[in-house]
Amino acid sequence: MAEFDDERIASLKQRRKGAMLDRFLTYTGLALAGASAFFPWYVFFNADKFGINVAASSNSRELPDWPARNVFSVSPLAMVNKNEAAKKVPTVDPLTTATVSDLGKARDGGDMLEDQPFPGKSSFRLLHVSNGRALIEDPSGMYVVRIGSVLPDESRLATLEQRDGKWVIITSKGEIYKND
């Protein structure tokens, strides 16, 4: 009978340990659940501690109003050699047109290669000039360019000038775009 009591006491101790472990896990789970429910409210009411720090800036869409720099030289990339000896005759038709070239045949009084501009000339607008840079816009977007930059019409920006109080840009093709 003593053995029976010892086994019974051991099983009661085992149950108490199990019950204490169950209580500990239950209280720990409730505490975690309470903290999880409270933490978003803590963050909400203390946003200055948890928020994203954004650098201060003005809400202006214009370029900074820095003093203009003098342009002392034009980039060699923007210069065009107007004294080209002869234009090269293309050996292959760059556009697939399914036509037969007549470049080898004699024509009535004229040059073998015609100067014909590509249709659909790319046009852009000059929006703003500041600090040696220009903001231009074409149908595909807005660009910041400077002297020597390639423009949407495949020319290069040669100069930025101020004429009659308005800014103008002159391209390497000699075209002039005025600030509206």
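Parameters at a glance
- Residues numbered from 1 in each chain as written.
- Predicted model: local features only at pLDDT ≥ 70, side-chain atom pairs only at ≥ 80, totals over all residues.
- Heavy atoms only, no water.
- Pairing = 2+ DSSP bridges.
- Helix = DSSP H or I, 4+ residues; strand = E, 2+ residues; numbered from the N terminus.
- Axes fitted to C-alpha atoms, helices over the stretch in contact; angles between N-to-C directions.
- Phe/Tyr/Trp six-rings, centres within 6.5 Å; stacked < 30°, edge-to-face > 60°.
- Core = buried A, V, L, I, M, F, W, Y, C linked by side-chain atoms within 4.5 Å.
- Buried < 20%, exposed > 50% of the residue type's maximum accessible area, 1.4 Å probe, protein only.
- Contact = heavy atoms within 4.5 Å.

As annotated in an unreviewed UniProt entry, the protein carries the name Flagellar protein and comes from Rhizobium mulingense.

### Looking at the sheet that holds strand β5 (residues 166-171)
Pairing within the open sheet is antiparallel, and its three strands lie in the order β4-β5-β6. Only two strands of the sheet have a single partner each, and these edge strands are β4 (157-163) and β6 (176-178). When strand polarity is set aside, the average angle formed by the axes of neighbouring strands in this sheet is 25°.

### Notes on the packing of aromatic side chains
All chains considered together, the criterion is met by five aromatic pairs. With centroids separated by 6.2 Å and ring planes inclined at 80°, the aromatic side chains of Trp41 and Phe44 adopt a geometry described as edge-to-face. Residue Trp41 and its partner Phe44 are both found in helix α1 (residues 2-45); the two are separated by three residues, about one turn of the helix. Of the aromatic side chains, those joined through ring pairs into one cluster are Trp41, Phe44 and Phe45.

### Some thoughts on the sheet that holds strand β1 (residues 125-130)
Spatial ordering of the open sheet is given by β1-β2-β3, a layout of three strands whose pairing is antiparallel. Either end of the sheet is taken by a strand with one partner, and the two such strands are β1 and β3 (141-146). Taking each pair of neighbouring strands and ignoring which way they run, the sheet shows an average axis angle of 25°. In the sheet, β1 pairs with strand β2 (residues 133-138) via five bridges, with the strands oriented antiparallel. Bridge pairing in β2 links His128 to Leu135.

### Considering the nonpolar core
By size, the foremost hydrophobic cluster in this structure holds 11 residues: Phe124, Leu126, Val129, Ala134, Ile136, Val145, Leu151, Leu157, Leu160, Ile169 and Tyr177. For this core, the secondary-structure elements that each account for two or more residues are β1, β2 and β4. Not counting residues within four places of it along the chain, the set of residues in contact with Leu160 comprises Val129, Gly132, Arg133, Ala134, Ile147, Trp167, Val168 and Ile169.

### A short note on the pairing of β3
Here β2 runs beside β3; their pairing, made up of six bridges, is antiparallel. From the neighbouring strand, Leu135 faces β3, where its bridge partner is Val144. Hairpin connection from β2 to β3: two residues lie between these consecutive antiparallel strands.

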